[in-house]
There are 2 protein chains.
Amino acid sequence: MHLISYDIQNDGLRLKLSKALIRYGLHRVQYSVFMGDIRDRALHKIKMVLNQLSKDKNWSVDDSVMILPLHQYSEDHISFVGKPPSRWDEISGEIHTLIL
Amino acid sequence: MHLISYDIQNDGLRLKLSKALIRYGLHRVQYSVFMGDIRDRALHKIKMVLNQLSKDKNWSVDDSVMILPLHQYSEDHISFVGKPPSRWDEISGEIHTLIL
């Protein structure tokens, strides 16, 4: 399970990254926060995309992407105030199915 | 160690929450993502602030705050592409000091 979040100024680069994260198996849990149980192969591909985006002329020096591997402890203790992510039951169900 | 991230539409509520998160010991690592090693007492206070904000007339039905307790595994394996958070050495140093 990984959490990937970003601060990216350029709309085009941000959209490219969000599409790539979803394509490689992550779920959007907030506007700039994605989570999901992805394999090493998918993570490797995401890192290749990031490497490419960070060399783009529209990449800003302030742009930042955080890659945070999560432990089951986090998955067991996550909570939301307000609206949970859409399809959260499905996402968390998938997470638990993959873990058990 | 906790990660707290939010999607909040109203500028005033968002600012109130970001100030509260920082006051109670979290560090801003991205625009809407905060991390830090906080005690139960501080987390309790943050939850009280969230409870209050979520009852505000400006709170939107789409607003969402995620509270994610992190395991040391995450802290040991975190990585950034692009700009790391400002004062990241200090933050991660503090994190490691508190853990060791």
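Residues numbered from 1 in each chain as written. Chains lettered and ligands numbered in written order. Predicted model: local features only at pLDDT ≥ 70, side-chain atom pairs only at ≥ 80, totals over all residues. Heavy atoms only, no water.

A short note on the relation of the copies chain A and chain B
Piece 1. Aligned on chain B, chain A shows an RMSD of 0.0 Å; the corresponding rotation is 180 degrees and the shift along the axis is 0.0 Å. Both copies are brought into coincidence by an operation consistent with a two-fold rotation axis. Residue A:His71 of chain A places its C-alpha closer to the rotation axis than any other residue of that unit, at 3.1 Å.
Piece 2. Comparing interface residues between copies, 100% of those in chain A also lie at the interface in chain B; the contact surface is shared. (Least-squares fit on C-alpha atoms with pLDDT ≥ 70 in both. Contact = heavy atoms within 4.5 Å.)

What to know about the nonpolar core
Piece 1. Counting residues in each nonpolar core, the largest one holds 24 residues, and the members touching the most others are A:Leu3, A:Met35, A:Met66, B:Leu3, B:Met35 and B:Met66.
Piece 2. Contributing elements (two or more residues each) for this core: strand S3 (33–36), strand S4 (64–69) and helix H4 (88–99) of chain A together with strand S3 (33–36), strand S4 (64–69) and helix H4 (88–99) of chain B.
Piece 3. In contact with B:Met35, not counting residues within four places along its chain, are A:Met66, B:Met1, B:His2, B:Leu3, B:Leu26, B:His27, B:Val29, B:Leu70, B:Ile78 and B:Trp88. (Core = buried A, V, L, I, M, F, W, Y, C linked by side-chain atoms within 4.5 Å. Buried < 20%, exposed > 50% of the residue type's maximum accessible area, 1.4 Å probe, protein only. Helix = DSSP H or I, 4+ residues; strand = E, 2+ residues; numbered from the N terminus.)

A short note on the interface of chain A and chain B
Piece 1. Across the boundary between the two partners, chain A contributes 33 residues, which contact 33 residues of chain B.
Piece 2. Scanning the region where chain A abuts chain B turns up 2 salt bridges.
Piece 3. A salt bridge links A:Lys83 to B:Asp62; the shortest N-O distance between them is 3.0 Å.
Piece 4. Taken together, chain A and chain B are joined by 21 residue pairs in polar contact (both at pLDDT 80 or more).
Piece 5. Those elements that place two or more of their residues in the side of chain A that touches chain B are strand S1 (2–7), strand S2 (27–30), S3, S4, helix H3 (72–77) and strand S5 (79–82) of chain A.
Piece 6. Looking at the side of chain A that touches chain B element by element, the count peaks at 6 residues for S4(A).
Piece 7. In terms of residue class, the side of chain A that touches chain B is built from 19 nonpolar, 10 polar and 4 charged.
Piece 8. Relative to S4(B), S5(A) runs antiparallel, the two being bridged by 4 bridges. What sits directly across from A:Ser79, in S4(B), is B:Ile67. (Salt bridge = Lys/Arg side-chain N within 4 Å of Asp/Glu carboxyl O. Polar contact = N/O pair within 3.5 Å; in protein donor to acceptor, adjacent residues only side chain to side chain. Nonpolar A, V, L, I, M, F, W, Y, C, P; charged D, E, K, R; others polar. Pairing = 2+ DSSP bridges.)

What about the pattern of salt bridges?
Residue and element names in this part refer to chain A.
Piece 1. Inspection of the entire model under this criterion finds 4 salt bridges over all chains.
Piece 2. Between Arg14 and Asp11 there is a salt bridge, with its nearest N and O atoms 2.8 Å apart. Within this pair, Arg14 and its partner Asp11 are both found in helix H1 (residues 11–23), separated by 3 residues, close to a single helical turn.
Piece 3. For Arg14, a relative accessible area of 18% gives the class buried.
Piece 4. Judged by relative accessible area, which is 55%, Asp11 ranks as exposed.

A closer look at the sheet that holds S3(A)
Piece 1. Overall, antiparallel pairing links the 5 strands, which are arranged S2(A)-S3(A)-S1(A)-S4(A)-S5(B) in an open sheet. This sheet does not close on itself; its edge strands, each paired only once, are S2 of chain A together with strand S5 (79–82) of chain B. The mean angle between the axes of side-by-side strands here comes to 25 degrees, regardless of whether they run parallel or antiparallel.
Piece 2. Here 4 bridges tie S1(A) to S3(A), and the two strands are oriented antiparallel to one another. Across the sheet, the residue bridging to A:Leu3 is A:Met35, located in S3(A).
Piece 3. In the packing of helix H2 (residues 40–53) of chain A onto the sheet, contacts are made with S1 and S4 of chain A together with S5 of chain B, and the angle to S4(A) comes to roughly 165 degrees. (Axes fitted to C-alpha atoms, helices over the stretch in contact; angles between N-to-C directions.)

A short note on the pairing of S3(B)
Along any regular strand, the residues point their side chains to alternate faces of the sheet.
Residues and elements named next belong to chain B.
Piece 1. Because side chains alternate across S3, one face comprises the buried residues Val33 and Met35, and the other comprises Phe34 and Gly36, equally buried.
Piece 2. Here 3 bridges tie strand S2 (residues 27–30) to S3, and the two strands are oriented antiparallel to one another. Bridge pairing links His27 to Met35 in S3.
Piece 3. In textbook terms, the turn of a hairpin is the stretch between consecutive antiparallel strands, and for S2 and S3 this stretch comprises 2 residues.

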